[in-house]
Amino acid sequence: MQELRFNISLAFKAIITNRLRSILTIVIIGIGIMSVVGILTAIEVIKESMYSNFSSMGANSFQITSDVLKTSRKKRGMQFRIDEGANISYKEATQFKKTFKAPATIGITTIASGAATVKFETIKTNPNIKVMGIDEAYVSISATTLAAGRNFNDNELASNTPVCIIGNDIAEKFFKSKKNKAIGKAIWVGRKQYHIVGIAAPKGGSMISNADNTVFIPLATARSLYGNLRFVIQVMVRKGINKKLIAEEATGLFRIIRKLPIGSEDNFSVNQNDNLVNTLLDSIKYVRWAAIIIGIITLLGSVIGLMNIMLVSVAERTREIGLSKAIGAKASTIKQQFLTESILISLLGGSLGVVLGISVGNAIGLAFHVGFIMPWLWIFVGLSLCTLVGILSGIYPAQKAYKLDPIVALRYE
């Protein structure tokens, strides 16, 4: 242990003495590790955002939408695209809800606006508020908890009643710490005034949507105010029931409702949340491999650069090596000193790359409203690669140093 501390102190002295080339090598290694850790952290952020978004729709649920998700396997992996199918009408959605007899809860929703402005007294939001029309089932299907107030009652759902439930971010902007006093207050959504009956508990945002930045209004109200809308049918399967079988049954029933001929393709999609996530992640894995390849190429360059620096260091310290051997230093000790210096430079570069990579990856998380992610696996892999780079780069220079003849070394100028 004492010998290791001595070797590390000598390595630091050598790095400080040759600080310019040491810093350049550390930066090169850091860039290589940053590219790997940064991209892979960003991928973890995207995955967390996806799972957060789809879990907010309900873990045991699926949706029937007018968008048709088509997937195909090609040489580059899974390819997918979304085609616009025939809009689901309110009549079709309600017919499905009345007819579907499986053990499940059925809900109907619609996005009335994606760029509304909400105003309370003199405070106004940016024009980025989503307005959703929902029925009584939305709260349970989407696993939405109400922090204050209540869900819409039957009378409000059946008539054009100007009431709403607001997301947590909107409540925070208008009422701060007095959110409980918001119930009954009037806000303006566009040119229409609504009275608040409920406040949704915070759910967090994702790369697809932000439930905390949403105003929910009764479905009937949305239909009367916003005209022709695209509806989505949500189905939450009861616990213990096979969701896949229920989804197949729902597909068959909706084909009957749409009067699709036998053998024809569906002009709608039944989207199971976990399947859609897996499809998206199947495409993202190629980005992961690209990041690893970029990192490996950069680290190979680092091996060459670090080896050159260590060879130069051996040449510059030839007399020092000769003197050390002349006073009794073992050849193995000389070898360990140069290997320690090489590994130390590599680990300093790796540590810099890890810090920068985590920072870059989590900076993307800020845009997706995802919490801080620490990719421990990739940190371990990155530092392990740096240790390997240090060993590979230091072996040849260290061997050259310990093989020097002390007499020749002492006469070296």
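Residues numbered from 1 in each chain as written. Predicted model: local features only at pLDDT ≥ 70, side-chain atom pairs only at ≥ 80, totals over all residues. Heavy atoms only, no water.

*Asks:* Requested: an account of the side chain of N271, with residues and values cited.
*Replies:* Along the polypeptide, N271 turns up in strand β14 (residues 269–272). Using a relative accessible area of 18% as the deciding quantity, one classes N271 as buried. (Helix = DSSP H or I, 4+ residues; strand = E, 2+ residues; numbered from the N terminus. Buried < 20%, exposed > 50% of the residue type's maximum accessible area, 1.4 Å probe, protein only.)

*Asks:* Explain the pattern of salt bridges residue by residue, including any values.
*Replies:* Per the counting criterion, the structure on display carries 5 salt bridges. In this structure, E92 engages R258 in a salt bridge whose closest nitrogen and oxygen atoms are separated by 3.2 Å. Placement of the pair is E92 in helix α3 (residues 90–99) and R258 in the loop between α8 (243–257) and β14, with a sequence separation of 166 residues. Across the salt bridge formed by R255 and D266, the nearest N and O atoms sit 2.4 Å from each other. On the criterion of sequence distance, the pair formed by R255 in helix α8 and D266 in the loop between α8 and β14 is long-range, its members being 11 residues apart. For R255, a relative accessible area of 17% puts it in the buried group. We classify D266 as partly exposed; its relative accessible area is 30%. Among the ionic contacts, a cluster of salt bridges with common partners joins K97, D135 and E136. (Salt bridge = Lys/Arg side-chain N within 4 Å of Asp/Glu carboxyl O.)

*Asks:* So what's going on with the side chain of S113? Residues and values would help.
*Replies:* Inspection of the secondary structure assignment puts S113 in strand β4 (residues 104–116). A polar atom in the side chain of S113 sits 3.3 Å from the backbone nitrogen of A115. Among all residues touching S113, those that are not within four sequence positions of it are I129, K130, V131 and Y226. (Polar contact = N/O pair within 3.5 Å; in protein donor to acceptor, adjacent residues only side chain to side chain. Contact = heavy atoms within 4.5 Å.)

*Asks:* How would you explain the packing of aromatic side chains if you had to name every residue and give the values?
*Replies:* Here the structure, examined in full by the defined rule, presents 8 aromatic pairs. Ring centres of F96 and F254 lie 6.1 Å apart, and the angle between their planes is 75°; on these two criteria the pair is classed as edge-to-face. Taken together, the residues F96 in helix α3 and F254 in helix α8 connect sequence positions 158 residues apart. Residue F96 is classed as buried on the basis of its relative accessible area, which comes to 0%. (Phe/Tyr/Trp six-rings, centres within 6.5 Å; stacked < 30°, edge-to-face > 60°.)

*Asks:* Summarise a nonpolar patch on the surface; cite the residues concerned and give the values.
*Replies:* Together, I23, V27, I31, L352 and L356 make up a nonpolar patch on the protein surface, roughly 390 Å² of accessible area in all. When contributions to the nonpolar patch are tallied by element, the ones reaching two or more residues are α2 (19–55) and α11 (331–368). Among the elements that line the nonpolar patch, the one with the most residues is α2, at 3 residues. In this structure, I31 sits in helix α2. (Patch = residues over 30% accessible without salt bridge, like charges linked within 9 Å, V, L, I, M, F, W, Y side chains within 5 Å. Areas by Shrake-Rupley, 256 points an atom, 1.4 Å probe, with all protein chains shown as cover.)

*Asks:* Explain helix α7 (residues 219–226) to me, using residue names and the numbers behind them.
*Replies:* All of the buried residues in α7 are L219, T221 and A222. End-on, the buried residues of α7 take up no more than an arc of 160°, which puts them together on one face. Where the residues of α7 are buried, they touch α3, β4, β7 (129–134), β11 (192–200), β12 (214–218) and β13 (231–237). Among the residues trailing α7, G227 stands out with phi positive, at a value near 70°. (Arc of directions from axis to C-beta.)

*Asks:* Give a detailed account of the confidence of the model for the chain, specifying residues and quantitative values.
*Replies:* On average, residues of the chain score 79 in pLDDT, and 77% of them are at 70 or above. Across the chain, strand β9 (residues 163–166) holds the top mean pLDDT of 95, while strand β3 (residues 77–84) sits lowest at 50. (pLDDT = per-residue confidence, 0-100.)

*Asks:* Help me get a handle on α3, residues and values and all.
*Replies:* Within α3, burial applies to E92, A93, T94 and F96. Buried residues along α3 sit against β1 (61–65), β4, β13 and α8.

*Asks:* Explain the pairing of β4 to me, and be specific about the residues and the numbers.
*Replies:* Bridge count for β4 against β13 is 7 bridges, and the pairing is antiparallel. The partner of T109 across the bridge, within β13, is V232. One ladder, built from 4 bridges, connects β4 with β7; its direction is antiparallel. The partner of S113 across the bridge, within β7, is V131. (Pairing = 2+ DSSP bridges.)

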